[in-house]
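Next come the chains, spelled out residue by residue.
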Amino acid sequence: MYKIGVIPGDGVGPEVIREGLKVIDAASKKAGFKYETVTYDFGGERYLKTGEVLPDSALEEMKQLDAIYLGAVGHPQVKPGILEKGLLLRVRFELDQYINLRPVILYPGVPTPLKDKKPEDIDFVVVRENTEGLYLGIGRVTKKDSPEEVAVQEMVNTRKGVERCIRYAFELTKKRKKKMRLTLVDKANVLTFAHDLWQRVFYKVGEEYPDVEKDHAYVDACCMWFVKNPEWFDTIVTCNMFGDIITDLGAMIQGGMGVAAGGNINPEGVSMFEPIHGSAPKYTGKNVINPIATIVAGQMLLENLGEEAGAKLIDGAVRKALVSGKIKGLSAGKMGLSTSEVGSLIANYIS
Ligand code: IPM
Ligand code: MN
């Protein structure tokens, strides 16, 4: 019996999570695994009512879960940063989810804005470091609001943190058995302390993986290649900030935020799965948002639990739905179906 923590969160979060759970339920019945859910009402509404973002006790409780399923955080009435840092980043950091795994897959039947690119050309995965870099919130402002103001934000890279991320990426490249190529994406030509460390660790750890090709791209060039030659990529490893940015671009070339999923992974602990999109407040409660990204995050959650059969069922059903011709578009309001109809369509392909 798995125990899955569910944080529907803000905006459209609850709507997409509801469909994700519908699909996980169908997969569990078919594949024969059992689970229970524990729902947490964290997010903007609760913060506005109680001033509480994430109590320590809940965080402790989460350490006992098998996985966490998250909708979205971000509320128009809450100052940017409070929920992001207090909830999303806090869970990532405190549960030491040091990998942010973001597959970029163009499914058959999904239009990409890249002319002449086909599903076989867009099938790679980004391994984003998830607990360090520019995300720690370390820095200072002096002489605020004066002409002499200085704002410093520090980028922290530890040998241990970089090494475990790079090692995970090499292992994943081997496991994927695709092009057997790992690309390090950095800005070592400018960040001559931080990303020099990444370079040294990459080639050092790489010695243990003679079968994996060691490839490198500066982050600006990487953005160019995503658009020009996405077929080059197999597995990418990069720092927290760059991983955040390039995976939004990755989501666009795979057909949009409606289908892009990710996992915050602690290979030795509790992992959390979520769509890459945000809370999209303007669509809240309208039942028009695309739940597929969240459904695919559910597939990743099952993979992480070792429920391969269940995960395959979801993958198969998502693919069927996308070529069925029943979903007219992938963005909010353009699907020709409601959020719940898309969820049911996919759930029905499983059962
Ligand atoms: C993401 C989001 C978060 C991030 C924000 C909401 C803090 O953009 O998951 O990519 O920057 O990591
Ligand atoms: Mn992001």
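Just so it is clear, the model here is predicted, and its values are computed rather than measured.

Procedures and definitions
All residue numbers refer to positions counted from 1 along the written sequence of the respective chain. Ligands are numbered from 1 and chains lettered from A, in the order in which they are written. Only residues with pLDDT of at least 70 are given local features in this predicted model, and only at 80 or more are side-chain atom pairs given and counted; all residues enter the totals for whole chains, interfaces and linings. Only hydrogens and water are set aside when side-chain values are computed; all heavy atoms of the structure are taken into account. Pairing of aromatic side chains here covers Phe, Tyr and the six-membered ring of Trp, requires ring centres within 6.5 Å, and sorts the geometry by plane angle: under 30 degrees stacked, over 60 edge-to-face, intermediate tilted. Only protein chains enter the accessibility calculation, which uses a 1.4 Å probe; a residue is then buried when its area is under 20% of its type maximum, exposed when over 50%, and partly exposed in between. As a reminder, the over-ring test applies to NZ of lysine and CZ of arginine, requiring each to be within 6 Å of the ring centre and within 35 degrees of the ring normal. For the purposes of this section, nonpolar cores are sets of buried Ala, Val, Leu, Ile, Met, Phe, Trp, Tyr and Cys residues that join through side-chain atoms within 4.5 Å. Secondary structure elements follow DSSP: runs of H or I of four or more residues count as helices, runs of E of two or more count as strands, with numbering from the N terminus. An automatic or database domain assignment provides the domain bounds reported here. We call two residues contacting when some pair of their heavy atoms lies within 4.5 Å. Here an angle of 0 to 180 degrees is reported between the N-to-C directions of two axes, which are lines fitted to C-alpha atoms, with helices fitted over the stretch in contact. Orientation labels follow simple angle bins: below 35 degrees gives roughly parallel, above 145 gives roughly antiparallel, 65 to 115 gives roughly perpendicular, and whatever is left gives oblique. Note on residue classes: Ala, Val, Leu, Ile, Met, Phe, Trp, Tyr, Cys and Pro are nonpolar, Asp, Glu, Lys and Arg are charged, and everything else, Gly too, is polar. Buried area: the accessible area, evaluated with a 1.4 Å probe, that two parts lose upon being put together, summed over both parts. Criterion for a salt bridge: a side-chain nitrogen of Lys or Arg within 4 Å of a carboxyl oxygen of Asp or Glu. Pairs of N or O atoms within 3.5 Å make up the polar contacts considered here, provided that, within protein, one atom can donate a hydrogen while the other can accept it, and that residues adjacent in sequence are counted only when both atoms are side-chain atoms.

Undergrad: Please set out the packing of aromatic side chains residue by residue, giving values where relevant.
TA: A complete count under the given rule lists nine aromatic pairs for this structure. Summarising the aromatic geometry, the rings of F202 and Y203 are spaced 5.0 Å apart at their centres and angled 85 degrees between planes, so their arrangement reads as edge-to-face. For F202, a relative accessible area of 0% puts it in the buried group. Note on Y203: relative accessible area 36%, which makes it partly exposed. Pairing F226 with F233 gives two aromatic rings, centres 5.4 Å apart and planes at 75 degrees, and the pair type is edge-to-face. The pair formed by F226 and F233 is uniform in burial state, with each residue classed as buried. Connected via pairs of aromatic rings, a cluster forms that spans F170, F202, Y203 and Y209. In this structure, R128 packs its charged tip against the face of Y135, placed 5.1 Å from the ring centre. A cation over a ring is seen here: R181 above W232, with NZ or CZ 3.5 Å from the ring centre.

Undergrad: Provide a residue-level description of the nonpolar core, including the pertinent values.
TA: Counting residues in each nonpolar core, the largest one holds 78 residues, and the members touching the most others are V237 and I292. Counting residues per element, this core draws most heavily on helix α9 (residues 292–305), which supplies eight residues. When residues of this core are assigned to domains, at least three map to each of domain 1 (1–98 + 262–351) and domain 2 (112–254). When sequence neighbours within four positions are dropped, the list of residues in contact with V237 reads V127, C165, I166, A169, L182, T183, L184, V185, W198 and F202.

Undergrad: An account of unusual backbone geometry is needed here, citing residue identities and associated values.
TA: It is generally the case that most residues other than glycine have a negative phi and that most peptide bonds are trans. Look at K143: it is not a glycine, yet its phi comes out positive at around 50 degrees. Relative to the helices and strands, K143 is located in the loop between β6 (139–142) and β7 (150–153). Take K143: its relative accessible area is 56%, and that puts it in the exposed class. A positive phi is found at M180, a non-glycine position, where the angle reads about 55 degrees.

Undergrad: Tell me what's going on with the packing of helix α7 (residues 219–228) against helix α8 (residues 240–253), and back it up with residues and numbers.
TA: Close contact between α7 and α8 brings their axes to 10 Å; oriented N to C, the two are set at 10 degrees. Viewed along their axes, α7 and α8 adopt a mutual orientation that is roughly parallel. Judged by residue contacts, V219, C222, C223, F226 and V227 of α7 engage F242, I246, L249, G250 and I253 from α8. The residue inventory of the contact of α7 with α8, partitioned by class, reads nine nonpolar, one polar and no charged.

Undergrad: Account for the domain arrangement of the protein chain, naming residues and giving values.
TA: Segmenting the protein chain into domains produces domain 1 (1–98 + 262–351) and domain 2 (112–254). One C-alpha centre belongs to domain 1, the other to domain 2, and the line joining them spans 24 Å. At the interface, eleven residues of domain 1 touch ten residues of domain 2. Each partner contributes to the roughly 990 Å² buried at the junction of domain 1 and domain 2, and carbon and sulfur atoms together form 58% of this total. Its largest share of buried area at the contact with domain 2, domain 1 owes to F93, Y98 and I276, together 56% of the area lost on that side. Close ionic contact of D96 with R164 constitutes a salt bridge, the shortest N to O distance being 2.8 Å. The interface formed by domain 1 and domain 2 holds four residue pairs in polar contact (both at pLDDT 80 or more) in total. Of all elements in the fold, only α4 (82–94) and β11 (261–265) reach the threshold of two or more residues within the side of domain 1 that touches domain 2. A per-element tally of the side of domain 1 that touches domain 2 places α4 first, with four residues. Each residue belonging to the side of domain 1 that touches domain 2 can be placed in one class, and the counts come to six nonpolar, two polar and three charged.

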